[in-house]
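# Examining the three-dimensional arrangement
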Amino acid sequence: MSPLTTMRLALAGTRVDTVRVALTALSAALAALSVLAALNVLAIGPLVPGHVDADQWAQQYRSALLREPGLRPGVILTFILLTVPVFALAGQCVRLGAPARDRRLAAIRLAGATPRQAVTVAAAETGVAALIGAGFGLAGYLVGHRLLDEPDAQGRLALPTDVLPPVWLIAAGVAAIPVVAALAAALVMRRVTVSPLGVVRKARRERPPAIWAGLVLGVGIALFTGLGPLMKLADKHRITWLADWSPVLVYGGALMAAFGVVLGTGWLSYTTGRLLHRYARRPAPLLAGSRLMADPWSGSRTLAVLLVCVVFAGGVAWTRSWFAAEDRIRAQYQRTLDPLQDPQLDPFYLNTVALIDLAVLLGVVLAALGMLVALADGILTRRRAYAALVATGVPRPVLARSILWQAFVPAIPAVLIALTVGAGLMASLASEVHAGGGGMTTCLTTAEQCDATPLDDPTVWQVTKEPELHLAVPVPWAELARDAGVALGAVLAIVAIGLLFLRPSTDLEEIRVT
């Protein structure tokens, strides 16, 4: 099969296939913008810790996040993390209209294609759509780079529009998106057998999800919270090489904790289904419980990226409370030294946390779009089963409420656990702030005598201790409640929009559709 034929077969199909290609291209365009933005920040200069008089500072930018080399890695990491919900959205878009695509692949096999060629066509569809989207993302990046290049009266820029990454790096970043998308599609198809009579998916053994995800979560928390005691041990015994491994403990622990929360959602879904099936007395929760027990991983897949965003949201909420506590104790300490002084607080860190909040909110929106696509595809895929239930006398409102129970009830404990993990990880690093506590020594005799006398001699040296203030970082209940409300509200909004597909999908004519 020639590449031209493969591409033509990949782009063929019905209107549903066109929608799937368009949504995949949109996801790839957003991913390309995130990757190119990260490369643009990387092109500003070396990523080394800067100082006030350092030559590495980029003074042509308004924001300190771009000026200071030590802060730019955080900006780059934020843009890279934004690609996670984008690729999750693309993964859900690939599943849209799967039954029609399966029939088309079976027809290709009936025409003489080999199983590998049929899988290649399916992977090429995703790769070509991602390539188109990455091209549009590159065009949008270049246009925005030109349009947003507007310095203020002092000649400072809001964005790094004065630099561009190397051409080869731009080409590599854009080309990586369709390659990753095509490989991911081929990986998803590894358990699929395309025969001339249809597509068969090899199912795994049916067994309840184990709670071993709690072990992953526990290891992640242990790695993250063990950083403080390990650094104290290293300072006490002068073990310098342990400090080099601190980033591995921080990032590795955070990623394992988030991964444990995501993996544990399958167990939560199954357990919630068992409870509903055992204690519910109404038809809607009974249907939802049976569905959750039959396929607990379906809900966990759709919730996965949203829960990762919620973990970060919990950490950001505690970080904001930490910075606010530092501002309060710093102002209190300055008033202790000089009651007439009016402390001027620097809002830089709180403003930075607000920008991170915006990035997390964008991730929640992208994750919600992926959940919407998955919910709509699930309703359309099971339309014959829903139509059969309606034909046997089940009212459509009961089906709608069962879908609401199935999506919303497992999300409640999952969101609460994700927020607790995110806030708890940051609380292990910053549970208390302090100010002062230093001291000042004054020589009471001649300089020669002071040089020859140790500091603990009170007849020669006078030690003046400064007051030391301590303040526990308050639990940000308001911010955590807000984040939980946003996440659960997003789930409710997704279900409400997805139920618009229920009415046409439960038409009795759907029973006759093959």
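The structure under discussion appears in the preceding block.
On a predicted model such as this, the values are computed, not experimentally measured, just so you know. (Residues numbered from 1 in each chain as written. Predicted model: local features only at pLDDT ≥ 70, side-chain atom pairs only at ≥ 80, totals over all residues. Heavy atoms only, no water.)

With that out of the way, let us pick up the overall build of the protein chain. Along the protein chain, the regular secondary structure elements total 20 helices and 6 strands. Across the 514 residues that make up the protein chain, the buried fraction comes to 41%. Of the roughly 28000 Å² of accessible surface on the protein chain, 67% is carried by carbon and sulfur atoms. (Helix = DSSP H or I, 4+ residues; strand = E, 2+ residues; numbered from the N terminus. Buried < 20%, exposed > 50% of the residue type's maximum accessible area, 1.4 Å probe, protein only. Areas by Shrake-Rupley, 256 points an atom, 1.4 Å probe, with all protein chains shown as cover.)

So, on to the pattern of salt bridges. Side chains bearing opposite charge may pair, as long as their charged atoms lie close to each other. Within the structure shown, the criterion is met by 4 salt bridges. A salt bridge links arginine 320 to aspartate 357; the nearest nitrogen and oxygen atoms lie 1.7 Å apart. On the criterion of sequence distance, the pair formed by arginine 320 in helix α13 (residues 296-337) and aspartate 357 in helix α14 (residues 348-381) is long-range, its members being 37 residues apart. Residue classification places arginine 320 among the buried residues on the basis of a relative accessible area of 17%. The buried category is assigned to aspartate 357, whose relative accessible area is 16%. Two residues, aspartate 483 and arginine 482, come together in a salt bridge whose shortest N-O distance is 3.1 Å. Look at arginine 482 and you get partly exposed, because its relative accessible area is 39%. Among the charged side chains, a salt-bridge network with shared partners connects Arg320, Asp357, Arg482 and Asp483. (Salt bridge = Lys/Arg side-chain N within 4 Å of Asp/Glu carboxyl O.)

Turning our eyes to something else, we now look at the nonpolar core. Val261, Leu303, Leu306, Leu307, Val415, Val491 and Leu502 are the most contacted members of the largest nonpolar core, which totals 57 residues. Counting residues per element, this core draws most heavily on α13, which supplies 15 residues. If sequence neighbours within four positions are ignored, leucine 303 has contacts with Thr265, Met371, Ala411 and Val491. Of all hydrophobic cores here, the second largest spans 16 residues; its members include Ala32, Ala134, Ala181 and Leu366. (Core = buried A, V, L, I, M, F, W, Y, C linked by side-chain atoms within 4.5 Å. Contact = heavy atoms within 4.5 Å.)

With that out of the way, let us pick up the environment of glutamine 60. Mapped onto the elements of the fold, glutamine 60 is located in the loop between α2 (15-42) and α3 (64-67). For glutamine 60, a relative accessible area of 30% corresponds to the partly exposed category. Distance from glutamine 60 to glutamine 154, taken between C-alpha atoms, is 9.0 Å for residues 94 residues apart in sequence. Discounting residues that sit within four places of it in the chain, glutamine 60 has contacts with Gly155, Arg156, Leu157 and Asp162. One polar contact links glutamine 60 to tyrosine 61, side chain to side chain, over a distance of 3.5 Å. (Polar contact = N/O pair within 3.5 Å; in protein donor to acceptor, adjacent residues only side chain to side chain.)

This next bit is on the packing of aromatic side chains. Each aromatic ring pair is specified by the distance between its two centres and by the angle formed by the two planes. Under the defined criterion, the tally for this structure stands at 1 aromatic pair. Seen in terms of ring centroids, tryptophan 322 and phenylalanine 323 are 5.5 Å apart; in terms of plane orientation they differ by 20°. Their pairing is stacked. (Phe/Tyr/Trp six-rings, centres within 6.5 Å; stacked < 30°, edge-to-face > 60°.)

Right, let's get into the packing of helix α15 (residues 383-391) against helix α16 (residues 396-408). It is the contact of α15 with α16, at a shortest axis distance of 9 Å, that shows an interaxial angle of 135°. In terms of their interaxial angle, α15 and α16 are classed as oblique. From α15, Tyr386, Leu389 and Val390 reach across to α16, where they touch Arg396, Leu399 and Ile403. (Axes fitted to C-alpha atoms, helices over the stretch in contact; angles between N-to-C directions. Parallel < 35°, antiparallel > 145°, perpendicular 65-115°, else oblique.)

Relative placement of two packed helices is described by the angle separating their axes and the distance separating the axes. Between helix α12 (residues 283-294) and α16, whose axes approach to 8 Å, the crossing angle comes to 50°. Our classification of the angle between α12 and α16 gives oblique. The two elements α12 and α16 cross, and the hand of that crossing is right-handed. Between α12 and α16, the residues in contact are Pro283, Ala284, Pro285, Leu287, Ala288, Arg291 and Leu292 and Val398, Leu399, Arg401, Ser402, Trp405 and Gln406, respectively. Each residue belonging to the contact of α12 with α16 can be placed in one class, and the counts come to 9 nonpolar, 2 polar and 2 charged. (Left-handed = near helix turned anticlockwise from the far one by under 90°. Nonpolar A, V, L, I, M, F, W, Y, C, P; charged D, E, K, R; others polar.)

This part covers a nonpolar patch on the surface. Taken together, Leu77, Leu81, Val84, Tyr251 and Phe312 make up a surface patch of nonpolar side chains, about 420 Å² in accessible area. Along the chain, leucine 77 falls in helix α4 (residues 72-94). Judged by its relative accessible area of 33%, leucine 77 falls in the partly exposed class. (Patch = residues over 30% accessible without salt bridge, like charges linked within 9 Å, V, L, I, M, F, W, Y side chains within 5 Å.)

An ideal rise of 1.5 Å per residue puts 27 Å on 19 residues; helix α17 (residues 411-429) measures up with 28 Å between its terminal C-alpha atoms. Taken residue by residue, α17 has Ala411, Ala414, Val415, Ala418, Leu419, Val421, Gly422, Ala423, Leu425, Met426 and Ala427 as its buried positions. (Expected span 1.5 Å × (residues − 1).)

Mapped onto the fold, threonine 272 is located in helix α11 (residues 246-279). Leave out the neighbours within four places in its chain, and threonine 272 touches Leu292, Val409 and Pro410.

Turning to α15, a few remarks are in order. For α15, every residue scored as buried is listed here: Tyr386, Ala387 and Val390. Taken end-on, α15 shows its buried residues confined to a sector of 100°, consistent with a single buried face. Along its buried surface, α15 packs onto α14, α16 and α20 (502-505). With its phi angle positive at about 110°, glycine 393 sits one or two positions after the end of α15. (Arc of directions from axis to C-beta.)

Take serine 269: it is sitting in helix α11. Sequence separation of serine 269 and tryptophan 297 is 28 residues, and the distance between their C-alpha atoms is 7.6 Å.

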